[in-house]
Structure formats: C-alpha cells, structure tokens
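Coordinates in review
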Amino acid sequence: MPSHGTLKVYKNDTGSDEAVIRELERTGTPPEAITEQPLPATVPTRLRCISKEFGQVVLVLQGGGALGAYQVGVYQALHEAGVEPDWVIGTSIGAINACLIAGNAPENRMERLREFWCRMQHSPLMELLGAWPVMGSLAANLTTVTQGIPAFFRPNLPAFLGPHVPLGSEAASYYDTSPLARTLSELVDFERISGWKTRLTVGAANVRTSEMRYFDSRDMKLDGRHVIASGALPPAFPAVRIDGDLYWDGGILSNTPLEAVFDDSPRRNSIVFATHIWNPQGPDPDTIWQVMSRQKDIQYASRTTSHLARQKQIHRLRHVITELVNRLPEADRKTQVIKELAAYGCLTRMHVVRLLAPPLDGEDHTKDIDFSPSGIHDRWEAGYTDTSRVLELAPWTGEFDPMEGFILHEARPGAVLTAG
C-alpha cells in the first residue's frame, strides 16, 4: 500500500501552476509522485456522466456578487453532461444561484438562471459607457452604487442622511433588497425546495452570536428570507430577522461553505464541485489600487487552501481509525470502549473538485459589482469551459490509496491537479 497518493498534473502549453503544486506537496504528496497528462485541446461535444457509485454530487458556491456568473457556467456544463447535483450549498450570490437550481425542475433551471442574470446586467447604454477608456468602468460602477440594480437592490435614501441616523435594525443599510425578494418569488419555487427534490443549504452569520448558521432544507422549510440573509453584506444590505435573530452575509465568517459537507451527519461518499470565484493566490501588489483588489481576494477566499489541507488530514485519520479497529480481535471490537472509539472512524470518500475562476483582463477590486453584459458573459463562459474539461478528464475515476478519504482535484484553465 503506498504511503502517499499520486499528484497528477494535466496541462497544456500554459504549463502547470507551481504554487498549487507546492501547496499540495506540503500536504504530503512527494515531488516524485507528480505526473503530467495533456488537457483536451477543445471542449468536447459529448461529456461524461458521473456514476452513482461515487455517491452524491454536491455543488458548493462561493459568494462574490457579479463574479457568481462563473458558477452559472459551471452548472451549465454539469447540466449538459447529465450531472444534476443532489445537494447545492451556497453563500451570498452562491446562495442565490443555489436556490435557482434547487427551486426549479432540472429542465427549467438554465432558463431561470439566464433570466435572473439578464435582470442583473447593465443596460446596453451602460455597457457602451463602460467601454470608454479609463473613466468608462468608473462611471458604470458609480451608476450601480448610486442607482442600484432594479431587480436586486435600490438605494435606501434615509441612510444617506448620515451614519448616525436611527433606521432600525432591519433597515440600517445603504440599500434596500426588497427588489431581490420579488425577483426570487418570481423565479424560485420554494415549495419544491421544501419537498427536498434537491437539498439546499445556505449559510448566514448570526449578528448577535457571531456564529455561522447553515439553513438546510433537509431540516427546515426555507424561503426567500434565508437566501437574502445569506447575501446581506453590511453595511450595503440590511440584516434579515429569522426566528428572532438577525443575520448577515455568511461570507463574513465563511465565504466557501465546504465545511457543511465535511460536517454533515451522516457523511456520504461524494463528488464535490467547489467553485472559487476569489483567487487565493496572486502577485505582489505595488499600487494602492492593486492592494485593494488583492485584499478582497484574500478575505473572501476564506483560507480555503489551508482548510482543504486540514480536511485531508482529518479524513485520513478517520480511515486510519477504522483500519486499526479492524485489526483488533473480534472480542475486543465488541467492547463498549472500542465501539465508542470506532465511531470516530469513517470509510467515506470525498472527491473535491476545486474550480478556480480565472481573473479577467483589467479587473480590479470593483469586479464584484461588474454586472456588465461582457463581464457576465466572460465569467459564465470561463466556468463552462473549466467544468467541461474536468468532466471529460473525470479525475475521480483513477486509482487511489484506500486510506485516503479526501482527494483534491485542483482545476484551473490549463491544469487539473489531483492529490490522492
């Protein structure tokens, strides 16, 4: 039995990502285990479905405003491949995309996602304004800030009278999100979600306790309030009161809600498609403008690389515990003490496919409010292309160390890395 898994690097002429390789090596994969295979030159026309033998399919969606268009491309590639998620988990814009998926029949999901993002995008006139050199994007962003997005949010005028004006705990924000509530009521069937056709989980931060709470359709009836609470980023958007407590955007505490999968009870074999729309790695910034952009990336990437490394260690320990228990004499395994210790073991296997959205040329710290048609299109297309290539490669079908319960597949344009 090998002591380490194998790190496979699928690359094209752009080469592999050295930073990712270094991080995966740090988690226990030796350099000599790295192999390379070519990526498909083009996106295949016929994609591969995922066999049920791998367990449930989970789609995890980060928060990030306009960057969420990438997630729609990810879902479209899955949908066209006949891969429908059994469970969708989201925070902020990820929660909105997640409820559009879970709250519609599979045959209607792409239509509703397209409709939502059409309502979010700027008008053609604003797109023309944004095309002006230098000042164009600033003008477009200023329009969003001053006027809002009609189907999403609008200015809360009393808030602009001053930061000390008493507005009430459910209205203390610069914008009003009641337009989003109407949009969701038109595009999402929350009764379908309550019927648990597709499990939906959305994360929000409890304002009083500063604890993360995951609202889960398996355990309770969800409605638009839970989704809007998950995206209530202060001070832009108001807190939402649920069961007596106020909730803000879950991205304040965990913008990548993968822990909901790892902490689920009971754990199940899974293939988890985790979309990352904030880049955890980037160059050194040398201007204040670049500093602002890099700060946002680091903040909302939510230490995902270290969290994934820790989960890999934890899952391996669970497998080790089970293996050790199985080596004990049968009489010892029947004792209460050993049964209690054995409960910490687990033989489930989780393949986590980490899809990292590429940065667009010229984007900056305002990218999360870039609702321009071109920005939405380019991010959507990137998500579709990245996911299509991953599905064609199907890296989860390889052979892996049976002691590994957590296997990370790192997918970027030009590279797919697998650390077993």
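If you're wondering where the values come from, they're calculated on a predicted model, not measured in any experiment.

Cut-offs applied
Residues numbered from 1 in each chain as written. Predicted model: local features only at pLDDT ≥ 70, side-chain atom pairs only at ≥ 80, totals over all residues. Heavy atoms only, no water. Axes fitted to C-alpha atoms, helices over the stretch in contact; angles between N-to-C directions. Helix = DSSP H or I, 4+ residues; strand = E, 2+ residues; numbered from the N terminus. Parallel < 35°, antiparallel > 145°, perpendicular 65-115°, else oblique. Left-handed = near helix turned anticlockwise from the far one by under 90°. Contact = heavy atoms within 4.5 Å. Nonpolar A, V, L, I, M, F, W, Y, C, P; charged D, E, K, R; others polar. Expected span 1.5 Å × (residues − 1). Buried < 20%, exposed > 50% of the residue type's maximum accessible area, 1.4 Å probe, protein only. Phe/Tyr/Trp six-rings, centres within 6.5 Å; stacked < 30°, edge-to-face > 60°. Lys NZ or Arg CZ within 6 Å of the ring centre and 35° of its normal.

1. A word on the packing of helix α4 (residues 106-120) against helix α7 (residues 178-187)
Two elements in contact, α4 and α7, have axes whose closest approach is 11 Å; the angle formed by their N-to-C orientations is 160 degrees. With respect to each other, α4 and α7 are oriented roughly antiparallel. Where α4 crosses over α7, the handedness of that crossing is right-handed. Contact with α4, carried on its side by Arg-112, Glu-115, Phe-116 and Arg-119, involves Leu-180, Thr-183, Glu-186 and Leu-187 of α7 and no other residues of that element. Classifying every residue of the contact of α4 with α7 gives three nonpolar, one polar and four charged.

2. Regarding helix α2 (residues 69-80)
Here α2 spans 17 Å end to end across twelve residues, near enough to the 16 Å set by a 1.5 Å rise per residue. Burial runs high along α2: ten of the twelve residues are buried. Those residues of α2 that sit buried are Ala-69, Tyr-70, Gln-71, Val-72, Gly-73, Val-74, Tyr-75, Gln-76, Ala-77 and Leu-78. Close packing links the buried residues of α2 with β3 (56-61), α3 (93-102), α4, β11 (270-276), β12 (350-356) and α15 (373-393).

3. Examining the packing of aromatic side chains
Following the criterion strictly, the structure yields 14 aromatic pairs and no others. Taken together, the ring pairs connect Phe-116, Trp-117, Phe-152, Phe-153, Phe-160, Tyr-174, Tyr-175, Phe-237 and Phe-371 into an aromatic cluster. When the ring centre of Trp-87 is taken as origin, the NZ or CZ atom of Arg-199, which lies over that ring, is 3.7 Å away.

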